[in-house]
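Listed below, chain by chain, are the residues.
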Amino acid sequence: MSDSGRQQHLLLQIICLTLGRWLLNSSLRFVYPFLPAIARGLGPTVSYTSLVQLVSWRNLTGLASPFLGIFLDHYPRRHAMLLALTLFALSSFALLIWPTYAGIALAMLTVALAKALYDPAIQAYLGDQIPYAQRGRFLGITELGWALALLIGAPLAGWLLARYHWSTPFLVYGALAIPVAIGIYLLIPPTPPASQRQLPSFHLLRRYPATFFAFIYIFLIMGSIDLLFIAYGPWMESAFQLDITRLGLTAGLIGGSELLGELIVINWIDRWGKRPVVITAALLNATSYLLLPYLSYNFWGALLLLALIFCTFEITAVGGLPLMTEIAPPARGFVLTLLLAAISLGRAVGAALGAWLWQQFGLTGVAFVASAAMFLAVTILTLTIKEATDDYQH
């Protein structure tokens, strides 16, 4: 295959992988602003609080990801991608016959498990295929599936939810996963074979202490954003009297700010340096949280600051991905699933703590704790987390 042919094939792979991320993330993220509406759709026996608890439990499913990481580093990455999309589609279709609290619990938990398998698989695959100097751009492109989940997925889900049934968004996104899975099967080769992989272990990770600090760092930054995100829906409803459709559009605007952050990563993270960009964005993010309570009565001011928060957070999270793929290259898949466990734990703790802080202290309590978590995270990143050097290969 010629160089132009290889570039075109890689582009098609990236598009297909990103579409899969968009579907999974849309099903994962749209529920946040619409938790009150979904609770009303499920009937009087299901409360908003019970759905918040379900979100917290859903986030904990990622704690199983390190065990999936052994699978990722011992078998072709494509197997994990196809299994994840299949589980996602089947759990979504289950709502056709089980449109109850138990059914949505199954769907939400399964999509989280599918994401815990799919995301590290594509990140490890790109880490295998793309040199570190260019990796930030390509990983950033696949992360567009995260921002577009709010920019497009959440408004679409709000439109479907307002006109049809609360389960309709799950069904639509699950159905779209089928052609994406076919595309991955056709475009992604089942390589490298298991015989060429080193089976990762916790003993291997002990050789690379940066992985421990990376776990704490990821836990803190993800906890900080979920502190705010779990309170975002009820805050916007109560402070600005937004209906379902307008709330979905607001989520889309925030998704646009995340998209801007990802575009910054795609275009400049490899050029300006991964660590300086991430540290600067994290400091701006931590400071922005502290300003949010002062704009809680100004809709456009609050929306602008939220956009800054989500933009700088996205630069922090996505810009750090290439660094995370290089802290222990011999166990890349395993490390990424270990860090996904940190994401899940951070989100679970953030969701639970955010709901409590919102009820007890309002937006001020949420913003203060989120800011403190981000400041601590950037300190850990600055002092302890470095890319692997040549001695890691021996």
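Residues numbered from 1 in each chain as written. Predicted model: local features only at pLDDT ≥ 70, side-chain atom pairs only at ≥ 80, totals over all residues. Heavy atoms only, no water.

## Remarks on the packing of helix H5 (residues 77-93) against helix H9 (residues 168-187)
Applicable threshold: Between the N-to-C directions of two axes lies an angle of 0 to 180 degrees, each axis being a line fitted to C-alpha atoms and, for a helix, fitted only over the stretch in contact. By definition, any uninterrupted DSSP run of H or I lasting at least four residues is a helix, any uninterrupted run of E lasting at least two residues is a strand, and each is numbered from the N terminus. Roughly parallel here means an angle under 35 degrees, roughly antiparallel means over 145, roughly perpendicular means 65 to 115, and every remaining angle is called oblique. Left-handed describes a crossing whose near helix is turned anticlockwise from the far helix through less than a right angle; right-handed describes the clockwise counterpart. Note on contacts: a residue pair is in contact if any heavy atoms of the two residues lie within 4.5 Å. In the scheme used here, Gly and all other residues not listed as nonpolar or charged are polar, with Ala, Val, Leu, Ile, Met, Phe, Trp, Tyr, Cys and Pro taken as nonpolar and Asp, Glu, Lys and Arg as charged.
Relative to each other, H5 and H9 sit at 155 degrees, their axes nearing to 8 Å. The pairing of H5 with H9 is recorded here as roughly antiparallel in orientation. Helix-helix and strand crossings are classified by hand; for H5 and H9 the assignment is left-handed. Residues Arg-78, Met-81, Leu-82, Leu-85, Phe-88, Ala-89, Ser-92 and Phe-93 of H5 lie in contact with H9, whose contacting residues are Phe-170, Leu-171, Tyr-173, Gly-174, Ala-175, Ala-177, Ile-178, Val-180, Ala-181, Ile-184 and Tyr-185. Of the residues belonging to the contact of H5 with H9, the class tally is 16 nonpolar, two polar and one charged.

## Examining the pattern of salt bridges
Let me state the cut-off plainly: The rule for a salt bridge is simple: a side-chain nitrogen of Lys or Arg has to be within 4 Å of a carboxyl oxygen of Asp or Glu.
This model, assessed by the stated rule, comprises six salt bridges. Notably, a salt bridge pairs Arg-135 with Glu-326, separated by 2.7 Å at the nearest N-O pair. Highlighted residues: Arg-135 in helix H7 (residues 132-142) and Glu-326 in the loop between helix H15 (321-324) and helix H16 (332-384), separated in sequence by 191 residues.

## Thoughts on the side chain of Arg-78
Heads up, the rule is: For the exposure calls, accessible area comes from a 1.4 Å probe over protein chains only, and a residue counts as buried if that area is under 20% of its type's maximum, exposed if over 50%, partly exposed in between.
Position of Arg-78 among the secondary structure elements: in helix H5. Under the relative-accessibility criterion, Arg-78 is labelled buried at 11%. Residue contacts for Arg-78: discarding those within four places in its chain leaves Ile-184, Tyr-185, Ile-188, Pro-189 and Pro-190.

## A short note on empty space enclosed by the protein
The criterion, for reference: Put simply, the grid is 1 Å and covers the protein atoms alone, a cavity is a trapped set of points that fit a 1.4 Å probe, a pocket is an open set with protein on both sides within 12 Å along at least five of seven lines, and lining residues have an atom within 4 Å of a point. Grid points are joined across faces, edges and corners, and a volume is the space filled by probe spheres set on the points.
Inspection of every chain in the model, using the stated rule, returns three cavities of 30 Å³ or more. Surrounding the largest cavity, 24 residues form its lining, Gln-123, Glu-143, Met-222, Leu-321 and Ile-343 being those nearest its centre. Sorting the residues of the lining of the largest cavity by element identifies helix H6 (101-129), helix H11 (210-240), helix H14 (299-319), H15 and H16 as the ones contributing at least two each. When the residues that make up the lining of the largest cavity are grouped by side-chain class, the tally is 15 nonpolar, three polar and six charged.

## Description of the packing of aromatic side chains
Threshold: By convention, a stacked pair of Phe, Tyr or Trp rings (six-membered ring in the case of Trp) has centres within 6.5 Å and planes under 30 degrees apart, an edge-to-face pair has planes over 60 apart, and any other such pair is tilted. For a Lys NZ or an Arg CZ to count as sitting over a ring, it must be within 6 Å of the ring centre and within 35 degrees of the ring normal.
All told, the structure shown has nine aromatic pairs when counted by the stated rule. Cation over ring: Arg-29 sits above Phe-229, and NZ or CZ is 5.5 Å from the ring centre.

## Concerning the nonpolar core
Soluble globular proteins tend to bury their nonpolar side chains together. Our working rule: Residues belong to one nonpolar core when they are buried, are Ala, Val, Leu, Ile, Met, Phe, Trp, Tyr or Cys, and are joined through side-chain atoms within 4.5 Å.
Ranked by internal contacts, the top residues of the largest apolar core, which has 128 residues, are Ile-38, Ile-184 and Tyr-217. Top element by residues in this core is H16. It accounts for 18 residues. Setting aside residues up to four positions removed in sequence, Ile-184 forms contacts with Cys-16, Leu-17, Arg-78, Met-81, Leu-82, Leu-85 and Tyr-118.

## Let's talk about the environment of His-165
Test applied: What qualifies as a polar contact is a pair of N or O atoms within 3.5 Å, subject to a donor-acceptor requirement within protein and to the restriction that residues adjacent in sequence count only when both atoms come from side chains.
In this structure, His-165 sits in the loop between helix H8 (144-163) and H9. With 123 residues separating them in the primary sequence, His-165 and Leu-42 have C-alpha atoms 9.9 Å apart. What His-165 contacts, discounting residues up to four positions off in sequence, is Pro-99 and Leu-160. Within the local environment of His-165, its side chain forms a polar contact with the side chain of Trp-166, the two groups lying 3.5 Å apart.

## Here's the deal with the packing of helix H2 (residues 31-42) against helix H3 (residues 48-60)
Interaxial distance between H2 and H3 falls to 9 Å at its minimum, and their mutual angle equals 130 degrees. When the axis of H2 is compared with that of H3, the two are oblique. Considering the relative orientation of H2 and H3, their crossing is right-handed. In this structure, H2 uses Val-31, Tyr-32, Leu-35, Pro-36, Ile-38, Ala-39 and Leu-42 to contact H3, whose residues at the interface are Tyr-48, Leu-51, Val-52, Val-55, Arg-58 and Asn-59. Residues of the contact of H2 with H3, tallied by class, amount to eleven nonpolar, one polar and one charged.

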